[in-house]
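Take a look at the letters that make up each chain.
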Amino acid sequence: MRIRDIYAPFLLAVLVLPAWKTNVDAAVPENLSGTIKVDGSSTVYPITEAVAEEFGKIHGDVRVTVGISGTGGGFKKFCTGETDISDASRPIKPSEIETCSANKVDFIELPVAYDAISIVVNPKNTWVKSLTVADLKKMWEPEAQGKITKWNQIRSEWPNQPLRLFGPGIDSGTYDYFTEAIMGKEDASRGDYTSSEDDNTIVQGVANDVNALGFFGLAYYEENKGKLKMVPVDDGKGDNGAGPQMANAENVIEGIYQPLSRPLFVYVRKQAAERPEIKEFVQFYLKNTNTLSPEVGYVQLPDKVTELATNRFAERVTGSVYSGGHSQLATLEELYTKGS
Amino acid sequence: MQPAQAAPMYADSSSEAAPIERAKWPISDLIFQVCALLAILLALSVIIALLFDIFSDGFHRLSWDFLTSFPSRFAAKAGIYSALVGSFCLMLLTIVFSLPLGVGAAIYLEEYAPKNRWTALLELNLANLAGVPSIIYGILALQIFVRWLDFDRSLLSGALALTLLILPVIIIASREAIRTVPRTLREASLALGATQWQTIWTQVLPVALPGIMTGCILAFSRAIGETAPLITIGALTYVAFLPDGLFSSFTALPIQAYNWVSRPQEAFHANAAAAMVVLLIILLSMNAFAILLRVKYQKRTR
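Residues numbered from 1 in each chain as written. Chains lettered and ligands numbered in written order. Predicted model: local features only at pLDDT ≥ 70, side-chain atom pairs only at ≥ 80, totals over all residues. Heavy atoms only, no water.

(A) Region of the structure containing the domain arrangement of chain B. Each assigned domain of chain B is listed here: domain 1 (2-61) and domain 2 (64-301). One C-alpha centre belongs to domain 1 of chain B, the other to domain 2 of chain B; they are set 26 Å apart. (Domains from an automatic or database assignment.)

Structural data, given as structure tokens:
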């Protein structure tokens with residue numbers, strides 16, 4: 001056995017590799033080319049993937065890459081100018097805005113869809129018919145740690161059985177939004193719950209434990225309806241649908257599944273938006289997101305909001321509508337009408 | 001130029017040892033035997049359960065289309081083309097980087113390095129490095145290759161991260177192989193007037209090569225299944241084109257599977273299982289190649 005014999009094919013292949021081009025000569029109307037780098041939330045990923053897939057059919061020479069570093073991880077790259085577009089399942093945080101401005105990165109914030117955080121229990125759980133925001137707060141608030149451990153501590157008519165909580169990890173945008181919506185303060189929750197970065201694990205956890213309660217995005221409930229029971233949530237306000245409401249598309253669109261409907265965003269770097277392929281991609285995104293989002297398990301935005309977002313991009317309005325201390329819970333229409 | 005005679009590297013000790021007298025076995029011996037049998041059965045059953053699980057979930061998704069389609073939002077249309085080619089390129093580059101570095105380091109340590117405290121320290125650290133969790137190498141690679149050297153999140157960065165990861169393993173395996181080359185062979189070569197370099201290149205390496213290759217292939221099959229360092233350096237998930245150079249963006253099989261597993265739809269989980277089947281087939285054939293290499297060599301030297 002000769003050393004050369006083993007090594008040669010690999011060396012040859014590496015020399016050939018750079019010359020190896022994909023020869024896709026699709027009919028391109030505007031002959032756009034270039035690379036568009038997208039990274040960020042794994043929740044928003046399926047929508048961006050769908051948009052990139054459709055976009056690729058028209059503009060075959062434009063290379064769109066999408067990563068899943070998470071909302072926070074995505075902003076870290078976005079705010080240093082490493083990526084062009086950042087997927088986010090929550091609005092950008094003040095600290096992230098600071099990093100962005102320190103690196104002279106201006107961004108355009110665009111809502112693209114809704115997700116509903118669904119509250120689920122085991123199908124054998126017969127006692128929970130609905131939950132109020134106050135109930136959820138009692139279960140999840142930091143003070144509950146080690147103290148609220150039984151169902152009958154939430155409501156006295158519920159059985160004296162252990163309460164086991166399952167939820168996404170603290171790095172996820174879902175967790176950020178849930179804590180903000182229920183506790184009124186982001187990242188404030190008890191620490192003694194079973195957390196997982198993979199929502200399918202939470203599904204399994206709740207499906208196998210009669211005393212469990214968990215939360216995650218609507219798509220994970222829709223795909224596992226047989227194993228889980230959804231709990232309607234009552235926000236205690238009469239003006240947006242009285243009584244407990246189920247997490248579903250109609251209620252989210254009508255704005256009555258509150259406070260657990262959350263908007264999903266993409267952030268576009270303003271400097272990058274000058275490039276024709278990115279401008280085209282973002283416009284394509286906004287035009288098609290309302291048909292593509294429901295396909296991948298999310299809820300489309302009201303047409304009015306998409307129109308506002310399209311205008312916001314056309315006028316290159318930078319900054320976040322949430323940075324002025326606006327609550328995440330205000331409706332998108334209100335926020336973006338004021339914001340632009 | 002093959003050495004006329006070389007001692008077998010993997011000496012078959014049982015043939016040389018005297019036959020054991022099978023006297024009365026104490027009960028403790030029997031217990032130990034049963035325990036050992038249970039241990040191997042347990043290990044095997046885990047592997048069989050794993051294989052059965054992914055094959056039953058993913059086998060129906062395996063098709064030519066699955067291998068040659070780009071990722072898609074429709075699970076039934078999605079494929080692993082970019083991931084498969086990405087993994088292949090990654091492997092190729094990793095081999096090209098790690099083989100000369102690893103074997104070179106092993107040759108230096110075995111043939112040239114003086115036996116002093118410095119070398120001992122080096123050897124100790126090599127053993128330690130082989131046990132460092134892979135994500136640490138990912139963090140290191142992120143800082144050095146992606147940020148400082150500005151290679152971006154490219155094929156090159158990914159391959160260099162994997163190279164770092166398997167380099168200690170390759171060095172250790174290569175050293176073992178070189179050490180089994182009999183001393184007499186070197187002495188004969190040197191006595192005939194060959195330089196040390198000639199001795200290494202024409203006598204030591206050819207004899208040690210199958211052993212080196214076996215160790216290296218096992219190291220490569222570890223690298224091909226790695227996810228953590230690639231995720232850390234920021235390998236991408238949606239890539240609908242093939243890499244066209246060292247600085248191209250890429251995705252790899254484990255990353256594609258990782259993404260599919262976390263999707264809510266059952267159909268994507270089947271895709272993930274199918275991607276794992278493909279990865280396992282690649283991995284097992286690499287391991288089989290390593291075994292073949294060893295068997296072929298053993299036959300020849302006898």
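(B) Inspection of helix H5 (residues 133-140) of chain A at higher detail. Residues and elements named next belong to chain A. For H5, the set of buried residues is Val 133, Asp 135, Leu 136, Met 139 and Trp 140. Along H5, the residues classed as buried sweep out an arc of 155° about the axis, all on the same side. Contact partners of the buried residues in H5: strand S4 (107-121), strand S5 (131-132), strand S6 (164-168), helix H6 (173-183), strand S8 (212-217) and strand S10 (233-234). (Buried < 20%, exposed > 50% of the residue type's maximum accessible area, 1.4 Å probe, protein only. Helix = DSSP H or I, 4+ residues; strand = E, 2+ residues; numbered from the N terminus. Arc of directions from axis to C-beta. Contact = heavy atoms within 4.5 Å.)

(C) Region of interest: helix H3 (residues 70-78) of chain A. Listed as buried for H3 of chain A are Gly 70, Thr 71, Gly 74, Phe 75, Lys 77 and Phe 78 of chain A. Tucked into the core, H3 of chain A has its buried residues touching strand S1 (34-40), strand S3 (85-88), helix H4 (94-102), S4 and strand S11 (261-269) of chain A.

(D) Expanded view of the interface of chain B and chain A. Counting residues at the interface gives 44 residues for chain B and 41 residues for chain A. Each partner contributes to the roughly 4000 Å² buried at the junction of chain B and chain A, and carbon and sulfur atoms together form 59% of this total. Considering only the surface of chain B that becomes buried against chain A, Arg 73, Tyr 238 and Asp 244 of chain B emerge as the three largest contributors, covering 20% of it. Our enumeration of links across chain B and chain A arrives at eight salt bridges. Linking Glu 82 of chain A and Arg 147 of chain B is a salt bridge whose minimum nitrogen-to-oxygen distance equals 3.7 Å. Here chain B and chain A share 14 residue pairs in polar contact (both at pLDDT 80 or more) between them. Secondary-structure elements contributing two or more residues to the side of chain B that touches chain A are helix H4 (81-112), helix H9 (196-224), strand S1 (238-239), helix H11 (253-261) and helix H12 (266-301) of chain B. Among the elements that line the side of chain B that touches chain A, the one with the most residues is H4 of chain B, at eight residues. Here the residues of the side of chain B that touches chain A sort into 25 nonpolar, 11 polar and eight charged. Pairing between strand S2 (residues 62-66) of chain A and S1 of chain B: two bridges, direction antiparallel. (Buried area = accessible area lost by both parts, 1.4 Å probe. Salt bridge = Lys/Arg side-chain N within 4 Å of Asp/Glu carboxyl O. Polar contact = N/O pair within 3.5 Å; in protein donor to acceptor, adjacent residues only side chain to side chain. Nonpolar A, V, L, I, M, F, W, Y, C, P; charged D, E, K, R; others polar. Pairing = 2+ DSSP bridges.)

(E) The arrangement of the packing of aromatic side chains in detail. Following the criterion strictly, the structure yields 21 aromatic pairs over all chains and no others. Ring pairing ties together the aromatic residues Phe 75, Phe 78, Phe 107, Phe 265 and Tyr 267 of chain A, which thus form one cluster. A cation over a ring is seen here: Arg 63 of chain A above Phe 241 of chain B, with NZ or CZ 4.0 Å from the ring centre. (Phe/Tyr/Trp six-rings, centres within 6.5 Å; stacked < 30°, edge-to-face > 60°. Lys NZ or Arg CZ within 6 Å of the ring centre and 35° of its normal.)

(F) Structural context of the nonpolar core. Counting 73 residues, the largest nonpolar core has Ile 80, Leu 90, Ile 212, Phe 220, Leu 230 and Trp 260 of chain B as its most contacted members. Elements with a contribution of two residues or more to this core: H4, helix H6 (134-148), helix H7 (155-179), H9, helix H10 (228-233), H11 and H12 of chain B. Of all the elements, H9 of chain B adds the most residues to this core, at 14 residues. Discounting residues that sit within four places of it in the chain, Ile 212 of chain B has contacts with Val 103, Ser 174, Ala 177, Ile 178 and Leu 205 of chain B. Ranked by size, the runner-up nonpolar core spans 66 residues in total, among them Val 128, Val 203, Leu 213 and Tyr 221 of chain A. (Core = buried A, V, L, I, M, F, W, Y, C linked by side-chain atoms within 4.5 Å.)

(G) Structural view of a negative patch on the surface. There is a patch of like negative charges on the surface, built from Glu 223 of chain A together with Asp 53, Asp 57 and Glu 266 of chain B. Along the polypeptide, Asp 53 of chain B turns up in helix H2 (residues 27-58). Asp 53 of chain B gets classed as partly exposed once you look at its relative accessible area, which sits at 43%. (Patch = residues over 30% accessible without salt bridge, like charges linked within 9 Å, V, L, I, M, F, W, Y side chains within 5 Å. Areas by Shrake-Rupley, 256 points an atom, 1.4 Å probe, with all protein chains shown as cover. Lys, Arg positive; Asp, Glu negative; His and termini not counted. Charge placed at Lys NZ, Arg CZ, Asp CG, Glu CD.)

(H) Geometry of unusual backbone geometry. Residue and element names in this part refer to chain A. Here Gln 258 and Pro 259 are connected by a cis peptide whose omega angle stands at 5°. Positionally, Pro 259 belongs in the loop between helix H9 (249-254) and S11. Of note in this structure, Lys 104 is not a glycine but carries a positive phi near 55°. In this structure, Lys 104 sits in the loop between H4 and S4. Notably, Arg 316 is not glycine yet its phi reads approximately 55°, a positive angle. Relative to the elements of secondary structure, Arg 316 occurs in the loop between helix H11 (303-314) and helix H12 (332-339).

(I) Quick peek at the environment of Gly 131 of chain B. All names here are of chain B. Structurally, the position occupied by Gly 131 is in the loop between helix H5 (117-130) and H6. Owing to a relative accessible area of 60%, Gly 131 belongs among the exposed residues under this scheme. Between the alpha carbons of Gly 131 and Leu 165 there is a distance of 9.6 Å; along the sequence they are 34 residues apart.

(J) Representation of the pattern of salt bridges within the structure. The full count for this structure, using the stated rule, is 29 salt bridges over all chains. Linking Asp 176 of chain A and Arg 90 of chain A is a salt bridge whose minimum nitrogen-to-oxygen distance equals 2.9 Å. Taken together, the residues span a long stretch of sequence, with Asp 176 of chain A in helix H6 and Arg 90 of chain A in the loop between S3 and H4 at a distance of 86 residues. Among the residues examined, Asp 176 of chain A registers a relative accessible area of 3% and is labelled buried. When its relative accessible area of 3% is taken as the criterion, Arg 90 of chain A is described as buried. When salt bridges with common partners are traced through the structure, they connect Glu 53, Glu 54, Lys 57 and Glu 295 of chain A together with Arg 73 of chain B into a single cluster.

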